[in-house]
Amino acid sequence: MYKGVALSILASITFGVLFFYAQFLKPLNSEEVFAWRMLSTLPLLTLFMWWIGDLKYIKQIVQRVKENPRLIIWLLLSSVLCTSQLWLFLWGPINGRGLAVSLGYFLLPLIMVLVGCILYKEKLSNLQIIAVVLAVIGVGHEVWRIGSIAWETVYVAVAYPIYFFLRRFYKTDHLGGFWWDLCLIIPMSIYLAFLYSDSLVIIASLPYLILSIIGLGFLSAMGLGSYILASRLLPFVIFGLLSYLEPVLLALASIIMGERVSTEEWLTYIPIWLAVLLLAIEGAVHVLKEINKQKKLKLNIEKLNQDLAKK
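Residues numbered from 1 in each chain as written. Predicted model: local features only at pLDDT ≥ 70, side-chain atom pairs only at ≥ 80, totals over all residues. Heavy atoms only, no water.

Participant: Any details on the side chain of His174? Residues and values, ideally.
Facilitator: Structurally, the position occupied by His174 is in the loop between α7 (151-169) and α8 (175-183). By relative accessible area, His174 is classed as buried at 3%. With residues near it in sequence (within four places) discarded, His174 still touches Tyr57, Gln60, Ile61, Arg167, Ile228 and Arg232. (Helix = DSSP H or I, 4+ residues; strand = E, 2+ residues; numbered from the N terminus. Buried < 20%, exposed > 50% of the residue type's maximum accessible area, 1.4 Å probe, protein only. Contact = heavy atoms within 4.5 Å.)

Below, the structure is given as structure tokens:
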């Protein structure tokens, strides 16, 4: 539990840094940044998996595909669901849509809570019910204001829960499954980096981009690796509750980069931010309860061992 919480917080902080980090990769466009992100992340992720002893999961999936070739269909879908989110994550701030993307991440914890409630039969607490109502008010206002809600927001909020649920269903919810998500998109990344664009010419003329790309790969491997590990170690609802930190950092990065919330948008953002605040409070209370519970359990075990030793 402690490890999962720590990994989730580390991932959120890293993603917040990455959102702002996109500014250091200009003049590369979003497709070029995505391609180099994949090409630099995969080897560093492989090194990280070797270090923690998780390379076995890559071979495990290969063996499963040999036994059931239809699994490749899920692996391809998983890769599309995952990498399209990774593309959107950097496309947003580069193209002035960072707030729309961050709003999706604000809604994501709420959707994760609802998924946990509907699919895993977990009951909503009073605070969670209030949070859902506030989120509905915020989204409802946005739909009323412009007749729809930004596609970036919807895609982030809906696709990620589907991705995590299906990963658990197909039992690829480990770093090996994520490694294949990245590996299967490498041909497209090579095309975007070397054939679709002149990014090599840009990088050659601006040598600082080499260090920026290496840093991009390092941050991506650390953040995504931590995120995937946390999703496996934590219950679905707790994983969703702890995701509140990331959208706060993403929105802050977007505002630092010059985006502004217009007057008519406040009734969209404020209810959703309040909903996330309620989830954050409940998440903190739940984590503290779990910590106290585990401390009591440890003390009881130690007392039992002492009693046995006396006998």
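Participant: Requested: an account of empty space enclosed by the protein, with residues and values cited.
Facilitator: Within the structure shown, the criterion is met by two cavities of 30 Å³ or more. In this structure, the second largest cavity encloses a volume near 40 Å³. Surrounding the second largest cavity, Cys82, Leu86, Tyr160, Tyr163, Phe164, Phe178, Leu224, Tyr227 and Ile228 form its lining. When residues of the lining of the second largest cavity are traced back to their parent elements, those giving at least two are α4 (71-94), α7 and α11 (208-233). Per-class residue counts for the lining of the second largest cavity are nine nonpolar, no polar and no charged. (1 Å grid on protein atoms, 1.4 Å probe; cavity = no way out; pocket = protein on both sides within 12 Å on 5 of 7 lines; lining within 4 Å. Points joined across faces, edges and corners; volume = space filled by probe spheres on them. Nonpolar A, V, L, I, M, F, W, Y, C, P; charged D, E, K, R; others polar.)

Participant: Can you tell me about the packing of helix α2 (residues 30-52) against α11, naming the residues and giving the values?
Facilitator: Relative orientation of the contacting elements α2 and α11 amounts to 55°, with a least axis distance of 7 Å. If you check the angle between α2 and α11, you find them oblique. In the crossing of α2 with α11, the sense of the turn from one axis to the other is right-handed. Of the residues in α11, those touching α2 at Val33, Trp36, Arg37, Ser40, Thr41, Leu44, Leu45, Phe48 and Ile52 are Ile213, Ile214, Leu216, Gly217, Phe218, Ser220, Ala221, Leu224 and Leu229. Partitioned by chemical class, the residues of the contact of α2 with α11 number 13 nonpolar, four polar and one charged. (Axes fitted to C-alpha atoms, helices over the stretch in contact; angles between N-to-C directions. Parallel < 35°, antiparallel > 145°, perpendicular 65-115°, else oblique. Left-handed = near helix turned anticlockwise from the far one by under 90°.)

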